[in-house]
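Residue-level structural notes
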Amino acid sequence: MKIFGKRTAPYRYLLPTLALMIVFLVVPICMVIRYSFLDKAVVSKTPSFVGMGNYKELFADSAFWKATSNTVIFVVVSVVAHLVIGMIFAMLLNSKYFTTRTKTIARVVYILPWVFTASVVAILWKLMLQPSGIINYLLEFLPNVSRNSEWLSNKDLALTVICFINIWCGYPFYMISILAGLQGISGDLYESAAIDGATMTKSFLHITIPQLKPILISIAMLDFIWTLQSFNVIWMLTGGGPVNATETLSIYIYKLAFQKLDYSMAGTAATVLLVVCVIIAIFYVKQQKKVRE
């Protein structure tokens, strides 16, 4: 009995966490997937089974494809910009041209956008982007630039502005991760490359990038999943408007469920988004196994 108790001890310690995960994660996911195969789920006591009917209706909905298009643009632009800006700032902080005190101050300043909560970010930028806000005030000093712009109410500008704000508040994650990777690269590699006559560009391409590759792939996949599900900042800034110009899949799902009360279609769209996230998560796990090996 003692041997049996020792063998099961780790599982008993995990039992409370597993129970919470099943109740608050597995069960809701199963319920949402079930809703995607029903008509009038939740709102009707006897919802009828429609099979793949909801999926056919979803893929025929132009609003869904508009939201998908916005999501693809939002995710790709954000992830690429996060990677580039995070790399630039990380290399600046890792350079030998700044004193330790300067680097410390820069780290605090650069990381601030990541510290703010979504509500603070949304309120801060909404105030600055108002027609009478500081952004339009600063534009008054530039020639040939339109002033008093309705940044969040202009359907041609809204998605670009949302992307910019998401980039601003997300790049510190890349900066910190890449900086940690840079500090782990041996200086002997760069010294050997310099002796062989390698330029800074060649050292970056053939030493820095290969050494950082596992980190870059991992954080890019994580950021892809997080950005794909981004909701708070977009909802508080534009609510998906104007004219659905900033409506991403997460906003689309929210509106179906809590504005139109169409839980069946909301569950269908959520299931599609879940499948995409699971596929990316599988690649992420495989990447992590390769890194450990």
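Keep in mind it's a predicted model, so treat the numbers as computed, not measured. (Residues numbered from 1 in each chain as written. Predicted model: local features only at pLDDT ≥ 70, side-chain atom pairs only at ≥ 80, totals over all residues. Heavy atoms only, no water.)

Details of the environment of T102
Position of T102 relative to the elements: it lies in helix α4 (residues 100-115). Accessibility expressed as a relative area gives 36% for T102, which makes it partly exposed. For the pair formed by T102 and G239, sequence separation is 137 residues and the distance between their alpha carbons is 40 Å. (Helix = DSSP H or I, 4+ residues; strand = E, 2+ residues; numbered from the N terminus. Buried < 20%, exposed > 50% of the residue type's maximum accessible area, 1.4 Å probe, protein only.)

Digging into the packing of α4 against helix α7 (residues 158-183)
One can describe the packing of α4 onto α7 by two numbers: an axis separation of 6 Å at closest approach and a directional angle of 130°. One finds that α4 runs oblique with respect to α7. Where α4 crosses over α7, the two elements pack in a sense that is left-handed. Across from R107, Y110, I111, P113 and W114 in α4, the residues of α7 making contact are W168, C169, Y171, P172, F173, M175, I176, L179 and Q183. Looking at the contact of α4 with α7 residue by residue, the class counts come to 12 nonpolar, one polar and one charged. (Axes fitted to C-alpha atoms, helices over the stretch in contact; angles between N-to-C directions. Parallel < 35°, antiparallel > 145°, perpendicular 65-115°, else oblique. Left-handed = near helix turned anticlockwise from the far one by under 90°. Contact = heavy atoms within 4.5 Å. Nonpolar A, V, L, I, M, F, W, Y, C, P; charged D, E, K, R; others polar.)

Looking at the side chain of S95
Turning to its location among the elements, S95 is positioned in the loop between α3 (62-94) and α4. In this structure S95 comes out as buried when scored by relative accessible area, which is 13%. A distance of 2.7 Å separates a polar atom in the side chain of S95 from the backbone oxygen of L92. (Polar contact = N/O pair within 3.5 Å; in protein donor to acceptor, adjacent residues only side chain to side chain.)

Some thoughts on helix α9 (residues 200-228)
With 29 residues, α9 extends just 35 Å between its outermost C-alpha atoms, more than 12% less than the 42 Å of an ideal straight helix rising 1.5 Å per residue. Remark: the principal bend of α9, roughly 55°, maps to K213, with a proline, P214, within the next four residues. (Expected span 1.5 Å × (residues − 1). Bend = angle between axes of the 7 residues up to and from the residue.)

Re the nonpolar core
Counting 40 residues, the largest nonpolar core has L58, Y174, I178, L212 and Y252 as the members making the most contacts within it. Only α2 (53-59), α3, α7, α9, α11 (249-258) and α12 (263-292) provide two or more residues apiece to this core. The contact partners of I178, leaving out residues within four places of it in the chain, are L83, G86, M87, A90, L212, L216 and I219. If you look at the next biggest cluster of nonpolar residues, it comprises 18 residues, including V121, A122, L237 and I251. (Core = buried A, V, L, I, M, F, W, Y, C linked by side-chain atoms within 4.5 Å.)

Points about the packing of aromatic side chains
For any pair of aromatic rings, the description rests on two quantities: the centre-to-centre distance and the angle between the ring planes. In this structure the tally under the stated criterion is 19 aromatic pairs. Relative to F173, the ring of W114 lies with its centre 5.8 Å away and its plane at 45°, an arrangement referred to as tilted. Of the two residues, W114 sits in helix α4 while F173 sits in helix α7, which places them 59 residues apart along the sequence. Judged by relative accessible area, which is 43%, W114 ranks as partly exposed. Overall, the relative accessible area of 14% leaves F173 in the buried class. Centroid distance Y254 to F258: 5.1 Å. Interplanar angle 45°. Geometry classified as tilted. In this pair, Y254 and F258 are both assigned in helix α11, four residues apart and thus about one turn of the helix distant. Residue classification places Y254 among the partly exposed residues on the basis of a relative accessible area of 28%. Among the aromatic residues, those joined into a ring-pair cluster are F231, W235, Y254, F258 and Y263. (Phe/Tyr/Trp six-rings, centres within 6.5 Å; stacked < 30°, edge-to-face > 60°.)

Some details on unusual backbone geometry
Both trends apply: most residues other than glycine have a negative phi, and most peptide bonds are in trans. Residue P242 is bonded to the preceding G241 through a cis peptide linkage, with omega at -5°. Following the sequence through the fold, P242 ends up in the loop between α10 (232-237) and α11. Of note in this structure, V243 is not a glycine but carries a positive phi near 50°. Looking at the element boundaries, V243 is found in the loop between α10 and α11.

Digging into the packing of helix α8 (residues 187-195) against α9
With their axes 11 Å apart at the nearest point, α8 and α9 run at an angle of 160° to one another. With respect to each other, α8 and α9 are oriented roughly antiparallel. Handedness of the α8/α9 crossing: right-handed. Across from L189, Y190 and A193 in α8, the residues of α9 making contact are S203, I207, T208 and Q211.

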